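The chain contents come next:
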Amino acid sequence: MASGSAAEGEAVSGAQLIAESLKAQNIEYMFGIVGIPVTEIAIAAQAVGIKYVGMRNEQAACYAASAVGYLTGRPGVCLVVSGPGFLHALGGMANATMNCWPLIVIGGSCDRNQETMGAFQEFPQAVRTSIYGRPGSCYIDIPGDFVNLQVNKSSVKYVECCLPPPISMSECSALSKAASIIAHSKQPLLIIGKGAAYSHAENNIRKLVDLCGLPFLPTPMAKGVVPDNHPNCVAAARSTALQHADVIILLGARLNWILHFGLPPRFRQDVKVIQIDICAEELGNNVRPAAILLGDINAVTKQGLALQKSLPMNYYTVFHHIRELIPKDCILVSEGANTMDIGRTMLPNYYSCQRLDAGTFGTMGVGLGFAIAAAMVAKDQTPEKRVICIEGDSAFGFSGMEVETICRYNLPILIIVVNNNGIYTGLDADAWKEMLKFGDPATCVPPVSLLPNSHYEEIMSAFGGKGYFVKTPEELQNALKASVSDKQTPSLINVMIDPQSERKKQEFHWLTRSNL
């Protein structure tokens, strides 16, 4: 608001200045109970376009104003009289502070000549205090004679709307440490708090859940950050999820009574906690974190997504992109241990008789034969229907030369090889070289390992189809888009992932007899 807009000598009251200052800070809602000396403030607020809601109890008014702060990101105002009015508002102020919701409480008091008082806080400072860092409540005490005091408007120093809260990001080293802990975890659990909702981090958190395949548990007011019907939501098995998680990622959530303070028996004794919070004072409360990421939830989550792009992909990242880009009515063929098992969960089918995999007998090597049959039938009955065959690198090896058959009959099958250099798990190129230093690969290389970075896509290219070798999500997206849009040419996408990437550990003895 520019001071030059006022006519020279025009008088303005304290109530008007309060209302205009609030309006300048983009305050839209005021709740309260009027009385001496704050009635004029409510009237002035209405005059400048602030919505005033007269309540029946100051505590309820304070609750309402704090909820506005949570829902809009700008503090709501609670207007109360002195004495009992202010005391009744204390419950709402405490609730806002504990919930970390921005709130401004304005209370009237006796005139200055009745009490020795210092200067009172300016409104822009109050707004900054309520929304910067960890949000909370602020109280402004207005001497009664200030409300109706008349001053020359040209003598008033108007302050512009305070800037939005600065967005802070985590240190890169802390982020890398957290990513490493998650990568080596067996049963990670993401706990989403209302701080994530307040930060409007839902889009980035949803991407992170899908890319990393993270199971998540929302706290009550974080429900909906990721939809409750998401397959990774473990709210229905809350106690079990908490008790068995080996790594907990706290996204704007606190280890308070709602989460049993992060302590046994509700949590594992050896659980590792990764804490992400905007408030430094909160870090390390009750449980010593294995990694701390100080910063805005949305910004830190975005950092995590960027880091994912620079790391080797895992099964969940690959299947996330496949799910997003393949036609819903395609025929899915799948085989391989981790590839097929994870694909069964992450790749939905929308129509009957459109999925073929290893079946009851658990046979490996069926994939390309199944895909050829599906393509022949589709060619005669539904020519527009695509056949997409998703193979583990080990499974592909059983019948890989059928690529020549696919090309010979010009069947537009898309083969995706999810390549982790092994059966279940493999070795990267450096680890492979180290193994070879110990002698013959037949005696020193783990039996589950396959030759690292094999270029299976060149088999397709050799017979006239299109081959793609991809290592990053961007390369995978581009290859998928090109292959799906080309309905005439067979293609093979060879997707390199982290050699140690695997499905979550199974709890059934007959599936886990091997100690590998």
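Treat the numbers as computed from the prediction; the structure is a model and nothing was measured.

Conventions used here
- Residues numbered from 1 in each chain as written.
- Predicted model: local features only at pLDDT ≥ 70, side-chain atom pairs only at ≥ 80, totals over all residues.
- Heavy atoms only, no water.
- Helix = DSSP H or I, 4+ residues; strand = E, 2+ residues; numbered from the N terminus.
- Rg over C-alpha atoms; globule rule 2.2 N^0.38 Å.
- Buried < 20%, exposed > 50% of the residue type's maximum accessible area, 1.4 Å probe, protein only.
- Contact = heavy atoms within 4.5 Å.
- Areas by Shrake-Rupley, 256 points an atom, 1.4 Å probe, with all protein chains shown as cover.
- Lys, Arg positive; Asp, Glu negative; His and termini not counted.
- Charge placed at Lys NZ, Arg CZ, Asp CG, Glu CD.
- Pairing = 2+ DSSP bridges.
- Axes fitted to C-alpha atoms, helices over the stretch in contact; angles between N-to-C directions.
- Phe/Tyr/Trp six-rings, centres within 6.5 Å; stacked < 30°, edge-to-face > 60°.
- pLDDT = per-residue confidence, 0-100.
- Core = buried A, V, L, I, M, F, W, Y, C linked by side-chain atoms within 4.5 Å.

Draft legend 1. Main features of the overall build of the chain. Assigned secondary structure in the chain consists of 20 helices and 20 strands. The globule rule puts the C-alpha radius of gyration for 516 residues at 24 Å, and the 31 Å found for the chain is more than 25% above it. For the chain, the spread of C-alpha atoms along the principal axes amounts to about 95 × 50 × 40 Å. Expressed as a percentage of the 516 residues in the chain, the buried residues total 48%. Pairs at least 24 residues apart make up 74% of the contacts formed inside the chain by residues separated by at least 6 positions. Element-wise, carbon and sulfur atoms account for 56% of the exposed surface of the chain, whose accessible area totals about 25000 Å². Taking the average place of the 41 positive charges on the side chains of the chain and the average place of its 45 negative ones, the gap between the two points comes to 4 Å.

Draft legend 2. Region of interest: the sheet that holds strand β10 (residues 247-251). Strand order in the open sheet formed by five strands is β9-β8-β10-β11-β12, with parallel pairing between adjacent strands. Among the strands making up the open sheet, the edge pair consists of β9 (216-218) and β12 (291-294). Mean inter-strand twist for the sheet, computed between neighbouring axes without regard to direction, equals 15 degrees. Here β10 runs beside strand β11 (residues 272-277); their pairing, made up of five bridges, is parallel. If you follow L250 over to β11, its bridge partner there is Q275. Where helix α7 (residues 172-183) meets the sheet, its contacts fall on β10, β11 and β12, and the angle it forms with β12 comes to roughly 135 degrees.

Draft legend 3. The arrangement of the environment of L294 in detail. Position of L294 among the secondary structure elements: in strand β12. Residue classification places L294 among the partly exposed residues on the basis of a relative accessible area of 39%. For the pair L294 and A174, spaced 120 residues apart in sequence, the C-alpha separation works out to 8.9 Å. Dropping the residues within four chain positions of it, L294 is found in contact with M169, S170, D277, I278, C279, A280 and L283.

Draft legend 4. Spotlight on the packing of aromatic side chains. Scanning all chains against the criterion turns up four aromatic pairs. Relative to Y139, the ring of F86 lies with its centre 4.4 Å away and its plane at 40 degrees, an arrangement referred to as tilted. You can see F86 sitting in helix α4 (residues 84-99) and its partner Y139 sitting in strand β6 (residues 137-143), a full 53 residues away along the chain. For F86, a relative accessible area of 21% corresponds to the partly exposed category. With relative accessibility at 26%, the residue Y139 sits in the partly exposed group. Ring centres 5.5 Å apart and planes at 70 degrees place the aromatic pair F396 and Y456 in the edge-to-face group. Of this pair, F396 sits in helix α15 (residues 393-399) while Y456 is found in the loop between α18 (441-444) and α19 (457-462), placing the two residues 60 residues apart along the sequence. Given a relative accessible area of 1%, F396 falls into the buried group. Judged by relative accessible area, which is 14%, Y456 ranks as buried. Joined through ring pairs, the aromatic side chains of Y70, W101 and Y198 make up one cluster.

Draft legend 5. Quick look at the confidence of the model for the chain. Scored by pLDDT, the chain has a mean of 89; 91% of the residues are at 70 or more. Long-range and interchain partners of residues 1-7, a stretch whose pLDDT sits below 50, account for five contacts in this model, where long-range means more than four residues apart. This model gives residues 114-123 a pLDDT under 50, and the stretch forms 18 contacts once residues within four places in sequence are excluded.

Draft legend 6. Molecular detail of the nonpolar core. With 28 residues, the main nonpolar core has L190, I192, I205, I274 and L293 as its most contacted residues. Elements with a contribution of two residues or more to this core: α7, β8 (188-192), α8 (194-198), α9 (202-212), β10, β11, β12 and α11 (297-310). The element that contributes the greatest number of residues to this core is α7, accounting for four residues.

Draft legend 7. Quick look at the sheet that holds strand β13 (residues 331-335). Strand order in the open sheet made by the six strands is β14-β13-β15-β16-β20-β19, with parallel pairing throughout. Across the chains shown, the open sheet's two edge strands, defined by having one partner strand only, are β14 (355-356) and β19 (466-470). Relative to strand β16 (residues 414-419), strand β15 (residues 387-392) is paired through five bridges, and the arrangement is parallel. The residue bridging E391 from the neighbouring strand is V417, located in β16. Each of β15, β16 and β20 (491-496) touches helix α12 (residues 315-325); the most contacted strand, β16, lies at about 160 degrees to it.

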